[in-house]
Amino acid sequence: MAEVLARRCKMDHIFDAPRELRVTDLAQSHAKEIRALTSAINKINRNRNIIQSVPHYMRRRASSHNMNRIPRRVTGNITTARVTKPKQHSRYYRRRHKHLLEEYTRRQRRVWWMETHIWHAKRFHMMEKWGCKLALCPTAKSERCAYRSIKSHCLIQDHSYIQCIELVAPKELMISTLDTVLPAGQLAKGGIRSYADGVNALTCTLYYPNKYPAGAVSQVDVMFNSNTKQTDHQVWIWCHIAALKSVWDVLCGAFPVCTEQENSVWRSADGAVSLRSLKDELIRFRLNGPKTKEVMELVLSPFTTDSTAEGAHVWWRDQFSDSSQELTQSSQLSAAFSRDSTHAVVAGMRVRDPRLCMTAIQTHMASLRNHRHKQETAGSEPEHGRQDVSTDKVENTVTDMDCSVQADSAVTSPMSYSPLWSHKVRDTVSHNMMTQHEINQLRSQLLVPGSEMNLGPKENCVPLLLIVYPEMSDIIIPANWGMAFWLAFAYAGARAGGIRETLLANFYSSRFSFPIDFPDTKVAQDEEFSLAKELQTKHFKYPPNKRPNFDKLRTNSPFRCDWTGLLNEQAPIVLRDLHFLEKLKQCCLRKASNDETEICGSVAIPPSLSAVNLVPVHISMWNRGDPRTRAEICLPLVSDIAGLVDGTSIHGPVLERYNGNPKARDEIHATLPTDRLSVTRQVIGYVISGRYSPNIGHSEGFGFVTMSSLKCCLESNKYILKRKDNSGNKQLNRDNFGVVCLIRVIDSTQYRFALINVSSPSSL
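All values derive from a computational prediction rather than experimental measurement. All chains use their own residue numbering, which begins from 1 and follows the written sequence. Restriction of local features to residues with pLDDT of at least 70 applies here, the model being predicted, together with a cutoff of 80 or more for giving and counting side-chain atom pairs; totals for whole chains, interfaces and linings are based on all residues. Neither water nor hydrogens contribute to the side-chain values; these are computed over all heavy atoms in the structure.

## Some remarks on the pairing of strand 1 (residues 124-129)
Any two strands with at least two DSSP-identified bridges between them are counted as paired. Helix and strand assignments follow DSSP, with helices taken as H or I runs no shorter than four residues and strands as E runs no shorter than two, numbered in order from the N terminus. Pairing geometry for strand 1 and strand 2 (residues 132-138), over 6 bridges, is antiparallel. Bridge pairing links Met126 to Ala135 in strand 2. Here strand 1 folds back onto strand 2, and the loop between the two strands holds 2 residues, one of which, Trp130, carries a positive phi near 60°.

## Quick notes on the confidence of the model for the chain
Summary of the metric used: pLDDT quantifies the predictor's per-residue confidence within the range 0 to 100. Of all residues in the chain, 72% have pLDDT values of 70 or greater, and the mean over the chain is 78. Ranking the elements of the chain by mean pLDDT puts helix 15 (residues 391-407) last, at 34, and strand 11 (residues 282-288) first, at 95. Contact definition: two residues touch when any of their heavy atoms are within 4.5 Å. Within the model, the stretch residues 595-601 combines pLDDT values under 50 with 8 contacts to residues more than four positions away or in other chains.

## Focus on unusual backbone geometry
Note: most peptide bonds trans; most residues except glycine with negative phi. The omega torsion of the bond from Tyr212 to Pro213 falls at 10°, within 30 degrees of zero and hence cis. Not every positive phi belongs to a glycine, and Asn568 is a case in point at roughly 60°. Within the fold, Asn568 resides in the loop between helix 23 (563-566) and helix 24 (578-592). The phi torsion at Arg630 lies on the positive side, around 70°, for a residue other than glycine. For Arg630, the position within the fold is in the loop between strand 16 (614-621) and strand 17 (632-635). Using a relative accessible area of 18% as the deciding quantity, one classes Arg630 as buried. The buried label goes to any residue with under 20% of its type's maximum accessible area, the exposed label to any with over 50%, and the partly exposed label to all in between, with areas taken from a 1.4 Å probe on protein chains only.

## Details of a positive patch on the surface
Each patch is assembled from residues with relative accessible area greater than 30% and no salt bridge, linking like charges that lie within 9 Å and nonpolar side chains (Val, Leu, Ile, Met, Phe, Trp, Tyr) that lie within 5 Å. Note on areas: Shrake-Rupley, 1.4 Å probe, and residue coverage restricted to the protein chains presented here. Throughout this description, the term salt bridge denotes a Lys or Arg side-chain nitrogen within 4 Å of a carboxyl oxygen of Asp or Glu. The positive count covers Lys and Arg only, the negative count covers Asp and Glu only, and His and the chain ends enter neither. For the purpose of locating charges, the reference atoms are NZ of Lys, CZ of Arg, CG of Asp and CD of Glu. On the surface, a cluster of positive charge is contributed by Arg91, Arg94, Arg95, Lys122 and Arg123. Along the chain, Arg94 turns up in helix 5 (residues 91-94).

## With respect to the side chain of Asp353
You can see Asp353 is positioned in the loop between strand 12 (344-352) and helix 14 (368-378). With relative accessibility at 2%, the residue Asp353 sits in the buried group. Only 2.9 Å separates the side chain of Asp353 from the side chain of Arg355, close enough to count as a polar contact. Setting aside chain neighbours within four positions, we find Asp353 in contact with Ile439, Glu459, Asn460 and Trp481. Under this definition, polar contacts are N or O atom pairs within 3.5 Å; protein pairs additionally need one hydrogen-donor-capable and one acceptor-capable atom, and for neighbouring residues in sequence, both atoms have to be side-chain atoms.

## Some remarks on the pattern of salt bridges
All told, the structure shown has 20 salt bridges when counted by the stated rule. Between Asp747 and Arg628 there is a salt bridge, with the nearest N and O atoms lying 3.5 Å from each other. Taken together, the residues span a long stretch of sequence, with Asp747 in the loop between strand 22 (737-744) and strand 23 (752-758) and Arg628 in the loop between strand 16 and strand 17 at a distance of 119 residues. With relative accessibility at 37%, the residue Asp747 sits in the partly exposed group.

## Things to note about the environment of Val429
Relative to the assigned elements, Val429 resides in helix 17 (residues 423-431). The sequence separation of Val429 and Asn480 amounts to 51 residues, and the corresponding C-alpha distance is 8.8 Å. In this structure, Val429 is in contact with Trp315, Cys461, Pro463, Pro478 and Trp481, ignoring residues within four places of it in sequence.

## Things to note about the packing of aromatic side chains
Centres within 6.5 Å are what make two rings of Phe, Tyr or Trp a pair, Trp counting through its six-membered ring; a difference in plane orientation under 30 degrees is then read as stacked, over 60 as edge-to-face, and the rest as tilted. Under the counting rule described, the total for this entry stands at 18 aromatic pairs. Judged by centre distance (5.0 Å) and plane angle (90°), the rings of Tyr207 and Tyr212 are edge-to-face. By relative accessible area, Tyr207 is classed as buried at 0%. For the pair Phe514 and Phe518, a centre-to-centre distance of 5.3 Å together with 65° between the ring planes defines the contact as edge-to-face. Exposure remark for Phe514: the relative accessible area of 13% places this residue in the buried category. Here a set of aromatic residues connected by ring pairs shows up, and it is made of Tyr147, Phe507, Tyr508, Phe512, Trp563, Tyr686, Phe702 and Phe704. The cationic tip of Arg681 hangs over the ring face of Tyr751; the distance from NZ or CZ to the ring centre is 5.3 Å. We call a charge positioned over a ring when the NZ of a Lys or the CZ of an Arg lies within 6 Å of the ring centre and within 35 degrees of the ring normal.

## Description of helix 20 (residues 499-508)
Counting buried positions along helix 20 gives 9 out of 10 residues, so the element sits mostly inside the fold. When we look at burial in helix 20, the residues that qualify are Ile499, Arg500, Glu501, Thr502, Leu504, Ala505, Asn506, Phe507 and Tyr508. Following helix 20 by one or two positions, Ser510 adopts a phi angle in the positive range, close to 60°.

## Quick look at the pairing of strand 7 (residues 232-240)
Where burial is concerned, most of strand 7 is hidden: 8 out of the 9 residues are buried. Sheet topology places strand 4 (residues 162-170) next to strand 7; 9 bridges connect them, and they run antiparallel. Counterpart to Leu167 in the pairing with strand 7 is Val235. Relative to strand 7, strand 6 (residues 216-224) runs antiparallel, the two sharing 5 bridges. The residue bridging Val220 from the neighbouring strand is Cys239, located in strand 7.

## Here we look at the environment of Val168
Turning to its location among the elements, Val168 is positioned in strand 4. Val168 sits 108 residues away from Arg276 along the chain, and the two C-alpha atoms are 8.8 Å apart. Discounting residues that sit within four places of it in the chain, Val168 has contacts with Met174, Asp232, His233, Gln234, Ala272, Val273 and Ser274.

## Re the packing of helix 8 (residues 143-152) against helix 20
Axis separation between helix 8 and helix 20 bottoms out at 10 Å; the angle between their running directions is 55°. Between helix 8 and helix 20, the angle falls in the class oblique. Two packed elements cross with a definite hand, and for helix 8 against helix 20 that hand is right-handed. Taken together, the residues of helix 20 that come into contact with helix 8 (itself represented by Glu143, Ala146, Tyr147 and Ile150) are Arg500, Glu501, Leu504, Ala505 and Tyr508. Lys, Arg, Asp and Glu make up the charged group, whereas Ala, Val, Leu, Ile, Met, Phe, Trp, Tyr, Cys and Pro make up the nonpolar group; the residues left over, Gly among them, are polar. Split by residue class, the contact of helix 8 with helix 20 holds 6 nonpolar, no polar and 3 charged. A fitted line through C-alpha atoms serves as each axis, taken over the contacting stretch for helices, and the angle formed by two N-to-C directions is quoted from 0 to 180°. For classification purposes, angles smaller than 35 degrees are called roughly parallel, those larger than 145 roughly antiparallel, those between 65 and 115 roughly perpendicular, and all remaining angles oblique. For any helix crossing, the convention is left-handed if the near helix is rotated counterclockwise from the far helix by under a right angle, and right-handed if that rotation is clockwise.

## Some words on helix 19 (residues 482-491)
Given 3.6 residues to a turn, an α-helix orients residues that are three or four positions apart in the same direction. Within helix 19, 7 of the 10 residues are buried, which leaves it mostly tucked inside the rest of the structure. Within helix 19, the full set of buried residues consists of Gly482, Ala484, Phe485, Trp486, Ala488, Phe489 and Ala490. Backbone geometry just after helix 19 places Gly493 at a positive phi near 115°.

Structure follows, in structure tokens:
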């Protein structure tokens, strides 16, 4: 029976065949394939040599060396297609110093290099981002090593990719214009005028003029020149290199600056306002950790004047008009670190060349204090060419000044002034720097090898600015001095870090990192879009059985935070008003403390902040779980909270996975509302950064939730919970109270309980 069926099927195919075959129609239908095949035979691509076009029976191994053995009919094609490559020089020739510099200059035409690029390229994983080469992380160190440096020692990073823009304008015009782009609501001291004395530096968010709270552009650092002798005010605005063009356009639109450029300076029509980019004139380092002061004391040696000094490098004669300022320089570092302030303190210093007093071997962190104590107690004779100032006199002056600074909370303006503000001084210091070869020759002439060098009138004086934050310190130095100070800090015991260590330091200090933690800026949106493309490409490189199925996991946006879908097609606007953030935080604290006398009712939003729709929050896991990046922050059901209180479901609910049937999936989606979905729990926000934190012993994170959801949770008592503190601390910690929520990572069906609190104003 089977044979009969097979025979009938074969006969059916025969009857279905065409009765005639036209060669022209067949050739036309296959003409495209024939042309592609012909071009592939005649074409010489990269994988095929001209000799390989010769038939196999005519090929000889010697043909590649002797062109005369190739047939004449293909010789013409060989001569035309043959490209003579220039002979490559030997490695000995290429590694010469002159040729290396030429090669480095050629490679910097495409991307921008920092001065410490060569040092980092030998020890770090490098990445190309934002038009420059940056150090990502060390090749032989882990994240825990960076944590130990931040917690117990000192970590240094090169932040020269944070660029500076210099603005010079009359005082009233500058303050009134900066008030439109730097609103007073996000400033701790109440207004930009309170920072005009130059004592404190300001870190805030720059906005488009008169667009606050919408229109965020970038996070910036603002510094005022404290020199009161000038009629015009001078301001430095530091911003990320990715937002440099945007910040420049905002400043050009806010101030009456002409579009014509004059000697790299943009001026107004009347010449009262000038704008300059200091991209290659300043270098910025950042130091974190409790040993920062000890490391700086080893590197930053105060400079004293020499009346006999002459030459192009002598610029400090007008700066040292008073002899008392010489003793003041030795106490600037101690005065900046001794002040207990929540604001960034600016201190100007004039130091010696760090290559002259750098240690011969690297200093270990444990011996920092002992090494400094030996230097102070050893005592030495007055050096040749330097002023004969006794050690006791300097120590007494430093002690008196430290006591006066601690007694008086106001730091005087001359302390924060530095000659680094002058363009002429920066050029003089950068171009008259003594080369390393000259220093090595002078070091070889020392009678005692390894002793400290004293060049007398030939010594360079380096002006710098020191910015002391509550948890970190920044040092700003002139160009061409980057490697000199970097090696000095490395030999003094500071451990070097990259972009990864910067993100870790900000996370451990509860600070938001630009641009990834600023979702309402254009730079952050572009960065998130490019990262989503990379994650999507990496995801689909895995086979289907080795990658998570987000359809079955019911994850709507696995590669990026869907802010527009969360906010119903509205642009994200982050709340940065310090007073209202503190009010929300205190409201949650009073409810957690069961203070009946101060129970707040409805949370009234000011009319000026009515457009805000995102609130920054801190996330603390209840027991288990890890709030990874792009995880969903969901609102729990009443049954979920009851199970948490009773102890029957302390680990959180589990999302049911469907069996992959498209019909069942469509039925599930049809039963759900259209706004802010996570299947059965309402999504109120996303996690932007989260990991295990060694500081608290469990996982934590930061994210943003919608203002409407947080307002409803604060007005209702059922979402405010207080966790028991087994440490015996009676003070209510932020990790033990807050709004209870659910966290679900993108590749899991498990919901985990967590507490969210409004982030501290200092973290923005």
